[in-house]
Amino acid sequence: MTPAGSEPPRASLAARCRRYVRSLAALSKTQYWLLTRALWVVLACLAVFVVDGVLIGWSTAYEVLIGIKSPADAGSAPVTWLVSLVGWLAIPAFVGGTVGYLVTRQIEARRRRSRAEVIADLRQRARANRRPGSRR
């Protein structure tokens, strides 16, 4: 017990980091993925855009990112080509993968029968529909 009016000692940085990592297990799969995996992809794309924005200007970097302007016309910085690749490949792939994952999670949450049950049912129906004497 602590005396009245005094605060308990603050946990060390290592203890707080351990507590944070352990608390991640309580999150849903989507929240866990967004905090542990997706955050790094977003930060990397943002870093490339910021570097390019500083080198060639923010509006030009934005135009290269979304594909309005060619990286060859935007400037001589090699990062301009990288931001163009991020805009054409990384961001659409990331968004598509995220949406696909979220849609799959919603479908699985509403599925009444397991995948194994459906496959077993389809196999049983296929066996029942075979004609006698046919070789398949």
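Bear in mind that the values here come from a model prediction, so they are computed numbers and not experimental data.

### Considering the pattern of salt bridges
Tallied over the entire structure, the rule returns three salt bridges. Measuring nitrogen to oxygen at the nearest pair gives 3.7 Å for the salt bridge that ties Lys 69 to Glu 63. A relative accessible area of 30% means that Lys 69 is categorised as partly exposed. The closest approach of N and O atoms between Glu 108 and Arg 115, which form a salt bridge, is 3.9 Å.

### Overview of the side chain of Thr 80
Relative to the assigned elements, Thr 80 resides in helix α5 (residues 78–110). The buried category is assigned to Thr 80, whose relative accessible area is 0%. Sequence-distant contacts of Thr 80, that is, excluding residues within four places in its chain, are made with Asp 52, Ile 56, Val 64, Pro 71 and Ala 74.

The rules behind the values
- Residues numbered from 1 in each chain as written.
- Predicted model: local features only at pLDDT ≥ 70, side-chain atom pairs only at ≥ 80, totals over all residues.
- Heavy atoms only, no water.
- Salt bridge = Lys/Arg side-chain N within 4 Å of Asp/Glu carboxyl O.
- Buried < 20%, exposed > 50% of the residue type's maximum accessible area, 1.4 Å probe, protein only.
- Helix = DSSP H or I, 4+ residues; strand = E, 2+ residues; numbered from the N terminus.
- Contact = heavy atoms within 4.5 Å.

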